[in-house]
Amino acid sequence: MQSGLPASWAGSATVEAKRSSDELAQAAAEPTGTVPVVTAFSARYPACRVELTLGDETIDLASGGMDVAIRVGWLADSSLQARRIGTFRQFMVCGAEFAGRFKAGEPQDLAGLPFVANMALREPLLWQFSRGDAEHQAVRMQATIAIDATPAVLAAAGAGLSVLPDFLVRDELAAGRLVQILPEWQLLSGGIYTVYPAARFRPPKVTRFVEMLVAAEQKVASGGEGESGKVGARR
């Protein structure tokens, strides 16, 4: 089954409060994206220290070392609590120069082409395409390059086909550096979630941080200015 994005391309955050947590509920946020949210949070609440951990590895929230994670993909059942704050689409893309070397009319035509595989995924080579409600094709790609970090896959995208989330390739597509292949065929969409260890009481520092993340996602979704970069953890 197609895995989509790495279960954790990104990060978990530890938010430490040095003064009364009541102060955290007094101000509104004006975030513009995930990493900018960290910057805005730190500036607005100087009493807190934020540690952002980025990576494609699984992070154990139950260990108590992290307050909240942002997970990108499809969540598995667990004891963790989650809130969806956004969605993303996946695109089959390649460099503009490479796109001129082949012609493809349907997904099966892609199977023998060079492919940059994201080994952080559970199924980095098997991709499910759909067109409308009736047409479906499963394609198993052959990796010519295998990379275990999603941003690095983007950097290598000119060497062949690759599957990447819309928020990573949007600027590259707009600039013409990357080309979306078979845009009439859709790959599985996924969600962006904040995930926390199960608890009766949510510290105000975490609540405020998540509110800023949600506001940032809503601003991007509505077409406002802001970075659309996301971070996540293996589901």
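Since the structure is predicted, the reported quantities are computational estimates derived from the model, not experimental observations. (Residues numbered from 1 in each chain as written. Predicted model: local features only at pLDDT ≥ 70, side-chain atom pairs only at ≥ 80, totals over all residues. Heavy atoms only, no water.)

Quick word on the overall build of the protein
Thinking step 1. A tally of helices and strands in the protein yields five helices and 12 strands.
Thinking step 2. The buried share of the protein, taken over its 235 residues, is 47%.
Thinking step 3. Put simply, of all contacts in the protein between residues at least 6 apart along the chain, 81% involve residues at least 24 apart.
Thinking step 4. As presented, the protein carries roughly 11,300 Å² of accessible surface, and 49% of it is formed by carbon and sulfur atoms. (Helix = DSSP H or I, 4+ residues; strand = E, 2+ residues; numbered from the N terminus. Buried < 20%, exposed > 50% of the residue type's maximum accessible area, 1.4 Å probe, protein only. Contact = heavy atoms within 4.5 Å. Areas by Shrake-Rupley, 256 points an atom, 1.4 Å probe, with all protein chains shown as cover.)

Quick look at the sheet that holds strand S10 (residues 162-165)
Thinking step 1. Strand order in the open sheet made by the three strands is S10-S5-S11, with antiparallel pairing throughout. The open sheet has two edge strands, S10 and strand S11 (178-180), and neither has a second partner. The sheet shows a mean angle of 50 degrees between the axes of neighbouring strands, taken without regard to direction. (Pairing = 2+ DSSP bridges. Axes fitted to C-alpha atoms, helices over the stretch in contact; angles between N-to-C directions.)

Thoughts on the confidence of the model for the protein
Where the model shows low pLDDT, its predicted coordinates should not be examined in detail.
Thinking step 1. When pLDDT is averaged across the protein, the result is 78; 76% of the residues are at 70 or more.
Thinking step 2. The model gives residues 17-32 a pLDDT under 50, and that stretch makes 33 contacts with residues more than four places away or in other chains.
Thinking step 3. Note that residues 225-235 has pLDDT below 50 and, in this model, 60 contacts with residues that lie over four places away or in other chains. (pLDDT = per-residue confidence, 0-100.)

Comments concerning the pairing of strand S12 (residues 190-196)
Each regular strand carries side chains that alternate between the two faces of the sheet.
Thinking step 1. For S12, the tally of buried residues reaches seven of seven residues, placing the bulk of the element in the interior.
Thinking step 2. Of the strand pairs in this sheet, strand S3 (residues 68-73) and S12 are connected by five bridges, and their pairing is antiparallel. Across the sheet, the residue bridging to Val72 is Ile192, located in S12.
Thinking step 3. Taken together, the seven bridges between strand S4 (residues 81-88) and S12 define a ladder with antiparallel strand orientation. Within the sheet, the bridge partner assigned to Ala82 lies in S12 and is Val195.

Focus on the nonpolar core
Thinking step 1. Counting residues in hydrophobic clusters, the biggest one holds 33 residues, and the most contacted among them are Phe41 and Phe209.
Thinking step 2. Among the elements of the structure, helix H1 (34-44), strand S2 (48-55), S3, S4, strand S5 (90-95), helix H4 (166-175), S12 and helix H5 (204-221) are those that each provide at least two residues to this core.
Thinking step 3. Among the elements that take part in this core, H5 stands out by supplying seven residues, more than any other.
Thinking step 4. Core analysis: the second largest hydrophobic core is formed by 20 residues, Cys94, Ala99, Ala117 and Leu187 among them. (Core = buried A, V, L, I, M, F, W, Y, C linked by side-chain atoms within 4.5 Å.)

Considerations on the packing of aromatic side chains
Given two aromatic rings, their pairing is described by the distance between the two centres and the angle made by the two planes.
Thinking step 1. A full pass over the atoms with the stated rule returns five aromatic pairs.
Thinking step 2. Taking 4.9 Å as the distance between ring centres and 65 degrees as the angle between the ring planes, the aromatic pair formed by Phe41 and Tyr45 counts as edge-to-face. Each member of the pair, Phe41 as well as Tyr45, is classed as buried.
Thinking step 3. Between Phe41 and Phe209, the ring centres sit 5.3 Å apart and the planes meet at 90 degrees, which makes this aromatic pair edge-to-face. On the criterion of sequence distance, the pair formed by Phe41 in helix H1 and Phe209 in helix H5 is long-range, its members being 168 residues apart.
Thinking step 4. Residue classification places Phe209 among the buried residues on the basis of a relative accessible area of 2%.
Thinking step 5. An aromatic cluster is present here, built from Phe41, Tyr45 and Phe209 joined pairwise through their rings. (Phe/Tyr/Trp six-rings, centres within 6.5 Å; stacked < 30°, edge-to-face > 60°.)

Notes on the environment of Glu211
Thinking step 1. Within the secondary structure layout, Glu211 lies in helix H5.
Thinking step 2. Sequence-wise, Glu211 and Ile85 are 126 residues apart; in three dimensions their C-alpha atoms are separated by 9.6 Å.
Thinking step 3. Here Arg208 takes part through its side chain, which lies 2.6 Å from a polar atom of the side chain of Glu211. (Polar contact = N/O pair within 3.5 Å; in protein donor to acceptor, adjacent residues only side chain to side chain.)

Describing the environment of Glu135
Thinking step 1. As for its placement among the helices and strands, Glu135 is situated in strand S8 (residues 135-140).
Thinking step 2. Given a relative accessible area of 35%, Glu135 falls into the partly exposed group.
Thinking step 3. Each C-alpha atom, one on Glu135 and one on Trp185, is 9.1 Å from the other, the two residues being 50 residues apart in sequence.
Thinking step 4. Contact partners of Glu135, with chain neighbours within four places excluded, come to Phe129, Ser130 and Trp185.
Thinking step 5. Within the structure, the side chain of Glu135 is placed 2.9 Å from the side chain of Arg131, a separation counted as a polar contact.

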